[in-house]
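Summary of structural features
Single-letter residue listing:
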Amino acid sequence: MSAKPDLPHGFLGAQPKFSELHLKTDSHKDAEFKVVANNNVSIKLKTGIPVKVVTKLTRCRDNVELPEYVLIQRKDDSALRFHVGVPESGFYKFQIFSLSESEATESLPNVYNYLIEFARVSRPAQPYVKAYTKFYKDHCYLDEPLFLDPSETGSVHFKMIVPKAQKVAIHCGEEWFHLAQKGDWWEGKAEVYKYRGKVNKATVNANYDKDGTSYDVLLEYKL
């Protein structure tokens, strides 16, 4: 188990811009907390205005950044959800950077910092799916899968919200697996694992013109 890191005074918790952006902690009110016997945690913030956001997850024992272990989601402009996974037990710094979506600059200030201790992690988390900018900007929301399990075989069930989409499909290898719309959700199964070893990725794609044939990539999974 790695030792608890020494952090600069004022590092933990809300930074000056946090209240300016009308952000509020929701799921985890304390900036330092512990996760036991689990390799992931879901952190929620309330948002008063539409914001753009990036994060930095750092393993404290060797100061290595782990961007593939974070997935950011929002259904609307009222809340943010951060899925955070880790490869092993230990202490991790999770930093959130944010700014109003109306601001043109891409340089986002640090608004909140967590120190998370993961204890008794029995197996590493899997890196999350890669979300493209349009996925976040359009308020898309992924229910499952958050990643493809390397030990799984057979078909994979996909379920997500893709506002204003006319068609949603999984593309892997030579095949397109089209999802069906059920209310707000797009759902369906895709046999992506049969392409393992032949291709290295599967993508989620959306079409926004019912008479058109072009698709935008929203998500990318590693196979």
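Thresholds applied
- Residues numbered from 1 in each chain as written.
- Predicted model: local features only at pLDDT ≥ 70, side-chain atom pairs only at ≥ 80, totals over all residues.
- Heavy atoms only, no water.
- Pairing = 2+ DSSP bridges.
- Helix = DSSP H or I, 4+ residues; strand = E, 2+ residues; numbered from the N terminus.
- Axes fitted to C-alpha atoms, helices over the stretch in contact; angles between N-to-C directions.
- 1 Å grid on protein atoms, 1.4 Å probe; cavity = no way out; pocket = protein on both sides within 12 Å on 5 of 7 lines; lining within 4 Å.
- Points joined across faces, edges and corners; volume = space filled by probe spheres on them.
- Nonpolar A, V, L, I, M, F, W, Y, C, P; charged D, E, K, R; others polar.
- Core = buried A, V, L, I, M, F, W, Y, C linked by side-chain atoms within 4.5 Å.
- Buried < 20%, exposed > 50% of the residue type's maximum accessible area, 1.4 Å probe, protein only.
- Contact = heavy atoms within 4.5 Å.

If you walk across this open sheet you meet the four strands as β2-β4-β8-β7, and the pairing is antiparallel. Edge strands, defined here as strands with exactly one partner in the open sheet, are β2 (23-25) and β7 (70-73). Looking at each pair of strands side by side, their axes are set apart by 25 degrees on average, direction ignored. As judged from the four bridges shared by β7 and strand β8 (residues 79-85), these two strands associate in the antiparallel manner. The residue of β8 that forms the bridge with V70 is V84.

Turning our attention to the layout of surface pockets. The computed volume of the largest pocket comes to approximately 750 Å³. In terms of lining, the largest pocket is formed by 22 residues, of which the most central are V53, V54, I72, A131 and T133. Secondary-structure elements contributing two or more residues to the lining of the largest pocket are β5 (51-59), β7, β11 (130-131) and α2 (133-137). For the lining of the largest pocket, the element with the most residues is β5, which contributes six residues. Among the residues making up the lining of the largest pocket, the classes are represented as 13 nonpolar, two polar and seven charged. In this structure, the second largest pocket spans a volume of roughly 290 Å³. Taken together, 17 residues make up the lining of the second largest pocket; nearest its centre are P127, Y128, Y221, K222 and L223. Considered class by class, the residues forming the lining of the second largest pocket number eight nonpolar, two polar and seven charged.

With that settled, the discussion passes to the nonpolar core. With 31 residues, the main nonpolar core has I43, F82, F94, I96 and Y114 as its most contacted residues. When contributions to this core are tallied by element, the ones reaching two or more residues are β3 (32-36), β4 (40-47), β5, β7, β8, β9 (90-100) and β10 (110-119). Tallying contributions element by element places β10 first for this core, with five residues. Apart from the residues lying within four places of it in its own chain, the contact partners of Y114 are L12, T25, H28, D30, A31, F33, I43, L45, Y92, K93, F94 and I96. Grouped together as the second largest cluster of nonpolar side chains are 29 residues, V129, A190, A206 and Y221 included.

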